[in-house]
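Chain by chain, the residues:
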Amino acid sequence: MQFDKVHSTKVILEEMRSDEGWELFIGNVVEFCVEHDIDIPDMEELYILRGGRARRQPDHFTRERYLRVEIFRATIDNQLNELNLRFNEKVMDLLSISVTLIPRNGFTSFNAKEICSMVEKYYPADFTQQERYGLEIQLNHFAADAKNSGDLKKPITITSLCRCLVETGRDRIYKLLDRLLRLLVTLPVSTASAERAFSSLKIIKSRLRNRMEDDFLADSLLLQIEREIASKIPCEDIIADFKSRKNRRSYL
């Protein structure tokens, strides 16, 4: 399952980052070099960092330390940071909800109250307090229904479960559950949209534009993020809008 794979990947990367992980890695590299007659550099040789970093590097900075700290661990740290960015606490909590809702997993970790608590925490605008009470009731009915239904035991993902509810007409019975499933299905899209917005921010809010005002920055980001929609707006309409604004200012 995706939730388990993310957690296990983080654990494996942390183990690789340790001294034991480095020793195992460099041992495999040396074995590969010997097997293919590749020259192995002297790991105890003094290594000089490039540029201004050479003045700040510690004494006895060896090639082995450079490869272990500056290359090997730095690469793993980047991968861990990327995973933590993409799968933060909110995403991991919502993935855990997704796992418990799939009937094929046997509802081993299913807890309606805990799911409703997560909904209250992460989707307060999508469910009222009364709807959260109703969601808990629907979740319990859904769990009992799924244990006796062959159709509901077939889906292995949230997407297929959402589709199964529609095909069997259960989306009208479990309306609140169907809404929750649709929100969980769109989770990767919302995460990607947030990452896209931050990437656009880095492009527009560069070192040369660090004095850009917030209003102008927000307008520029809107055009960059929604550039597909903005490209459909005729230039004549934009020019006409600017002209009308200028007329209003001069009139005032």
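Residues numbered from 1 in each chain as written. Predicted model: local features only at pLDDT ≥ 70, side-chain atom pairs only at ≥ 80, totals over all residues. Heavy atoms only, no water.

*Asks:* Can you help me understand helix H7 (residues 158–167) in this one?
*Replies:* What H7 keeps buried is the set Ile158, Ser160, Leu161, Cys162, Cys164 and Leu165. Those residues of H7 that are buried are in contact with helix H4 (89–101), helix H6 (129–147) and helix H8 (175–185). Directly beyond the C-terminal end of H7, a positive phi value near 80° is found at glycine 169. (Buried < 20%, exposed > 50% of the residue type's maximum accessible area, 1.4 Å probe, protein only. Helix = DSSP H or I, 4+ residues; strand = E, 2+ residues; numbered from the N terminus. Contact = heavy atoms within 4.5 Å.)

*Asks:* Where do I start with the packing of aromatic side chains in this structure?
*Replies:* For any pair of aromatic rings, geometry is given as the distance between the ring centres together with the angle between the planes. According to the stated counting rule, one finds 4 aromatic pairs in the structure shown. The interplanar angle of 40° and the centroid separation of 6.1 Å between the aromatic rings of tryptophan 22 and phenylalanine 25 together place this pair among those described as tilted. Of the two residues, tryptophan 22 and phenylalanine 25 are both situated in helix H2 (residues 19–35); the distance of 3 residues between them amounts to about one turn of the helix. For tryptophan 22, a relative accessible area of 4% gives the class buried. Take phenylalanine 25: its relative accessible area is 37%, and that puts it in the partly exposed class. Look at phenylalanine 142 and tyrosine 174: their rings are 5.8 Å apart centre to centre, the planes differ by 80°, and that puts the pair in the edge-to-face class. Taken as a pair, phenylalanine 142 in helix H6 and tyrosine 174 in the loop between H7 and H8 lie far apart in primary sequence, 32 residues in all. Of the residues examined, tyrosine 174 reaches a relative accessible area of 7% and is grouped as buried. Every member of this aromatic cluster is reached through a ring pair, and the members are Trp22, Phe25 and Phe72. (Phe/Tyr/Trp six-rings, centres within 6.5 Å; stacked < 30°, edge-to-face > 60°.)

*Asks:* What's the story with the confidence of the model for the protein in this structure? I'm lost.
*Replies:* In low-pLDDT segments, the atomic positions of the prediction should not be examined closely. Within the protein, residue pLDDT values average 79, and 82% of them lie at 70 or more. By mean pLDDT, helix H9 (residues 187–204) is the weakest element of the protein at 59, and H2 is the strongest at 91. (pLDDT = per-residue confidence, 0-100.)

*Asks:* Got a minute to help me understand the packing of H6 against H8 in this structure?
*Replies:* For any two helices packed against each other, the geometry is given by the interaxial angle and the distance between the axes. Their axes nearest at 8 Å, the elements H6 and H8 cross at an angle of 95°. In terms of their interaxial angle, H6 and H8 are classed as roughly perpendicular. Between H6 and H8, the residues in contact are Glu131, Gly134, Leu135, Gln138, Leu139 and Phe142 and Lys175, Leu176, Leu177, Arg179 and Leu180, respectively. Its residues assigned to classes, the contact of H6 with H8 shows 6 nonpolar, 2 polar and 3 charged. (Axes fitted to C-alpha atoms, helices over the stretch in contact; angles between N-to-C directions. Parallel < 35°, antiparallel > 145°, perpendicular 65-115°, else oblique. Nonpolar A, V, L, I, M, F, W, Y, C, P; charged D, E, K, R; others polar.)

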